[in-house]
Amino acid sequence: MNDVLLCTVCHSKNRVRQVPNGQVPVCARCQAALPWLHDGTDASFSSDIQASVPVLVDFWAPWCGPCRVMGPILEEIARERAGKVRVVKVNVDQNPQSAAAFSVRSIPTLLLFHEGKQVDSMIGVVQKSALLQRLSAYG
């Protein structure tokens, strides 16, 4: 993983390769928690769901209208809950194994993981308030 995450406090760009032991990434300049949103792959999926915070996985595709509606909502959640949630976006066209492993039949499908185990699932467009409510149960 080699993501560039933008700090919401000082607005500096941070190159994050891998976060050790599932710790939350922090800004190199101001040490604030970074919004943890990145693209997952079949190869990285098992490590992507391991984190010290709840992990929200979005199975999506670029041609999917409802997926394009969910994108900005998930970005807002990652920014607003920096350090408290990890959002992983998995393009089902490019990463069919992860989608098949969780029997994803419709997109968008959102899976919530806590301590590496799936604890919730949602299909279709989900309102931000409903997502935040489900996330609050895990941290």
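Residues numbered from 1 in each chain as written. Predicted model: local features only at pLDDT ≥ 70, side-chain atom pairs only at ≥ 80, totals over all residues. Heavy atoms only, no water.

### Brief notes about the environment of Cys 10
Then, number 1: In this fold, Cys 10 is placed in the loop between strand S1 (3-6) and strand S2 (13-16).
Then, number 2: Considered as a pair, Cys 10 and Ala 32 are 22 residues apart in the sequence and their alpha carbons are 8.6 Å apart.
Then, number 3: Discounting chain neighbours no more than four positions away, the residues touching Cys 10 are Cys 27, Arg 29 and Cys 30. (Helix = DSSP H or I, 4+ residues; strand = E, 2+ residues; numbered from the N terminus. Contact = heavy atoms within 4.5 Å.)

### Some words on unusual backbone geometry
Then, number 1: Note the cis peptide between Ile 107 and Pro 108, where omega equals 0°.
Then, number 2: Looking at the element boundaries, Pro 108 is found in the loop between helix H3 (96-101) and strand S6 (109-114).
Then, number 3: Its identity is not glycine, yet Gln 31 carries a phi of approximately 70°, on the positive side.
Then, number 4: By the element assignment, Gln 31 lies in the loop between S2 and strand S3 (36-40).
Then, number 5: Of note, Glu 115 is a non-glycine position whose phi angle comes to about 55°, a positive value.
Then, number 6: You can see Glu 115 is positioned in the loop between S6 and strand S7 (117-123).

### With respect to the pattern of salt bridges
Oppositely charged side chains may form a pair once their charged atoms are brought near each other.
Then, number 1: Taken as a whole and assessed by the stated rule, the structure comprises 5 salt bridges.
Then, number 2: Notably, a salt bridge pairs Asp 120 with Arg 134, separated by 3.5 Å at the nearest N-O pair. Here Asp 120 is found in strand S7, whereas its partner Arg 134 is found in helix H4 (residues 128-136), with 14 residues between them in sequence.
Then, number 3: What you see here is one network of salt bridges that share partners, running through Glu 76, Glu 80 and Lys 128. (Salt bridge = Lys/Arg side-chain N within 4 Å of Asp/Glu carboxyl O.)

### Digging into the nonpolar core
Then, number 1: Judged by nonpolar contacts, the single largest core of 25 residues is most densely connected at Leu 34, Phe 45, Val 55, Val 57, Phe 59, Val 90 and Phe 113.
Then, number 2: Where this core is concerned, the elements lending two or more residues are strand S4 (55-60), strand S5 (86-91) and S6.
Then, number 3: Sort the elements by how many residues they give to this core and S4 lands first, with 4 residues.
Then, number 4: Residues within four places of Phe 113 in sequence aside, it is in contact with Phe 45, Ile 49, Pro 54, Val 55, Val 57, Phe 102, Gln 118 and Val 119.
Then, number 5: Counting 14 residues, the second largest nonpolar core, distinct from the first, contains Val 87, Leu 112, Met 122 and Leu 131. (Core = buried A, V, L, I, M, F, W, Y, C linked by side-chain atoms within 4.5 Å. Buried < 20%, exposed > 50% of the residue type's maximum accessible area, 1.4 Å probe, protein only.)

### Describing the sheet that holds S5
Then, number 1: If you trace the 5 strands from one edge of the open sheet to the other, you get S3-S5-S4-S6-S7, paired in mixed fashion. In the strand order of this sheet, the two ends are held by S3 and S7, each with one partner. Each strand axis lies, on average, 20° off the axis of its neighbour in the sheet, ignoring direction.
Then, number 2: As paired elements, S4 and S6 share 5 bridges and run antiparallel to each other. Bridge pairing in S6 links Val 55 to Phe 113.
Then, number 3: Against the sheet, H4 engages S4, S6 and S7, with an angle of about 165° to S7. (Pairing = 2+ DSSP bridges. Axes fitted to C-alpha atoms, helices over the stretch in contact; angles between N-to-C directions.)

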